[in-house]
Amino acid sequence: MSNTDLHQAFADKQQLLSDALGEIRRKMEGLMAENQRLREVVRLAEGELRKRRDQVQHMEQEIQGLDDKRNDARARMEQVMEQLDTLLEQQPESPQT
């Protein structure tokens with residue numbers, strides 16, 4: 001092989017490697033762009049998840065408050081019923097005709 005042939009073969013291989021590196025670079029840039037888009041989607045999803053979690057927490061607090069009010073109302077009703085029973089027991093019996 002002559003020196004010119006070796007030089008040409010070297011140039012051909014160099015061009016082939018350069019083309020391969022260019023293709024790798026384009027694919028890497030595409031992957032980086034896709035990665036950035038996915039990060040944005042994840043960021044938005046995390047924000048939505050936090051918002052939903054806060055809503056659920058707020059609803060749970062409302063439910064707990066309503067349960068407390070219902071239990072309080074039930075306790076007051078039972079107290080009134082007990083007082084009514086006590087009053088009924090204390091009344092003298094009226095003669096029945």
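Provided above is the structure to which this section pertains.
Remember, predicted model here, so these are calculated numbers, not experimental data.

(A) Region of interest: the overall build of the chain. Looking only at helices and strands, the chain features one helix and zero strands. Relative to a compact globule of 97 residues, whose C-alpha radius of gyration would be 13 Å, the chain shows 41 Å and is clearly more extended. The dimensions of the chain, computed from C-alpha atoms along their principal axes, are 140 × 15 × 15 Å. Surface accessibility of the chain: about 9,600 Å² in total, with carbon and sulfur atoms responsible for 56%. On the chain, the mean spot of the 15 positive side-chain charges and the mean spot of the 20 negative ones are 11 Å from each other.

(B) Just the pattern of salt bridges, in detail. In total, this model carries eight salt bridges according to the counting rule given. Here Glu48 makes a salt bridge to Arg52, at a shortest N to O gap of 2.9 Å. Remark: Arg52 and Glu48 occur in helix α1 (residues 3-90); sequence separation between them is four residues, near one turn of the helix. For Asp72, the salt bridge is made with Arg76, and the minimal N-O distance between the two is 3.6 Å. Taken together, the positions of Asp72 and Arg76, both in helix α1 and four residues apart, correspond to about one turn of that helix. Salt bridges sharing partners connect three or more residues here, namely Glu23, Arg26 and Lys27.

(C) Representation of a negative patch on the surface in the model. A cluster of acidic residues, Glu78, Glu82, Asp85 and Glu89, forms a negative patch at the surface. You can see Glu78 is positioned in helix α1.

Conventions used here
Residues numbered from 1 in each chain as written. Predicted model: local features only at pLDDT ≥ 70, side-chain atom pairs only at ≥ 80, totals over all residues. Heavy atoms only, no water. Helix = DSSP H or I, 4+ residues; strand = E, 2+ residues; numbered from the N terminus. Rg over C-alpha atoms; globule rule 2.2 N^0.38 Å. Areas by Shrake-Rupley, 256 points an atom, 1.4 Å probe, with all protein chains shown as cover. Lys, Arg positive; Asp, Glu negative; His and termini not counted. Charge placed at Lys NZ, Arg CZ, Asp CG, Glu CD. Salt bridge = Lys/Arg side-chain N within 4 Å of Asp/Glu carboxyl O. Patch = residues over 30% accessible without salt bridge, like charges linked within 9 Å, V, L, I, M, F, W, Y side chains within 5 Å.

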